[in-house]
Amino acid sequence: MASTRVCAFDELEPNQAVRVEIGDIPIALVRDAAGDVFAIGDTCTHGDISLSEGFVENDTLECWAHGSMFSLRTGKPLTLPAYEPVPVYQVDLIDGDVYIDPSIILAV
Ligand code: FES
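Here goes a summary of the coordinates provided. Quick caveat, the model's predicted, so the values are computed rather than measured. Here the residue index of a chain counts from 1 through its sequence in written order. Totals for whole chains, interfaces and linings use every residue, but because this is a predicted model, local features are given only for residues with pLDDT of at least 70 and side-chain atom pairs only at 80 or more, for both listing and counting. Heavy atoms from the whole structure form the basis of all side-chain values; hydrogens and water molecules are not counted.

### Points about the overall build of the protein
Under the convention used in this document: Helical segments are the DSSP runs of H or I of at least four residues, strand segments are the runs of E of at least two, and each set is numbered from the N terminus. Note on classification: 1.4 Å probe, protein chains only; a residue is buried when its accessible area is under 20% of the maximum for its type, exposed when over 50%, partly exposed between these limits. Only heavy atoms matter for contacts: two residues are in contact if any of them lie within 4.5 Å across the pair. With residues, only the protein chains shown are counted as cover, and all accessible areas are computed by Shrake-Rupley using a 1.4 Å probe.
Helix and strand counts for the protein come out as zero helices and nine strands. Listed N to C, the secondary structure of the protein is β-β-β-β-β-β-β-β-β in terms of helices and strands. Seen along its three principal axes, the alpha-carbon backbone of the protein occupies a region of about 40 × 30 × 20 Å. Taking all 108 residues of the protein together, 44% fall into the buried category. Considering only contacts in the protein between residues 6 or more positions apart, those separated by 24 or more positions represent 38%. Element-wise, carbon and sulfur atoms account for 50% of the exposed surface of the protein, whose accessible area totals about 5,600 Å².

### Remarks on the sheet that holds strand 1 (residues 4-8)
The condition that has to hold: Two strands qualify as a pair provided that DSSP identifies no fewer than 2 bridges between them. Between the N-to-C directions of two axes lies an angle of 0 to 180 degrees, each axis being a line fitted to C-alpha atoms and, for a helix, fitted only over the stretch in contact.
Overall, antiparallel pairing links the six strands, which are arranged 1-9-8-4-3-2 in an open sheet. Of all the strands in the sheet, the pair left with one neighbour each is strand 1 and strand 2 (16-22). Recorded for the sheet is a direction-independent mean angle of 35° between the axes of neighbouring strands. For strand 2 and strand 3 (residues 25-31), the ladder comprises seven bridges, and the chain directions are antiparallel. Within strand 3, the position partnered with Arg-19 by the bridge is Ala-28.

### Some remarks on the nonpolar core
Quick note on the threshold: Nonpolar core, defined: a set of buried Ala, Val, Leu, Ile, Met, Phe, Trp, Tyr and Cys residues in which side-chain atoms within 4.5 Å join the residues together.
Core analysis: the largest hydrophobic core is formed by 16 residues, its most contacted members being Val-30, Ile-40, Cys-44, Leu-51, Leu-61, Phe-70 and Leu-72. Taken together, the elements giving at least two residues each to this core come down to strand 3 and strand 4 (37-41). Formed by 13 residues, the second largest nonpolar core is a distinct cluster that contains Cys-7, Phe-9, Tyr-89 and Val-91.

If you want it as structure tokens, here you go:
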């Protein structure tokens, strides 16, 4: 699958997550305070909860349901109760737009 434009970089608020879907793949898209953009699987591995409804803290996205914090860089849960990672997808910034290639999984 090729990269897909999902939004403009300026549409992303710092330290907030938004949900995007490419095909049937739900993705949590996060711009951190430094301006880096991350794309991880949006479904918590502990339950059927959208991680993009959670909280960004430093380089993590916290599930609002039971508090597992997933690394935006590795997809690994850093706190219980989740113990399985979510996928991390390739993000490219091109001419002010954000592109994701969901076929390229960087870490699981
Ligand atoms: S559903 Fe996410 S930590 Fe329980």
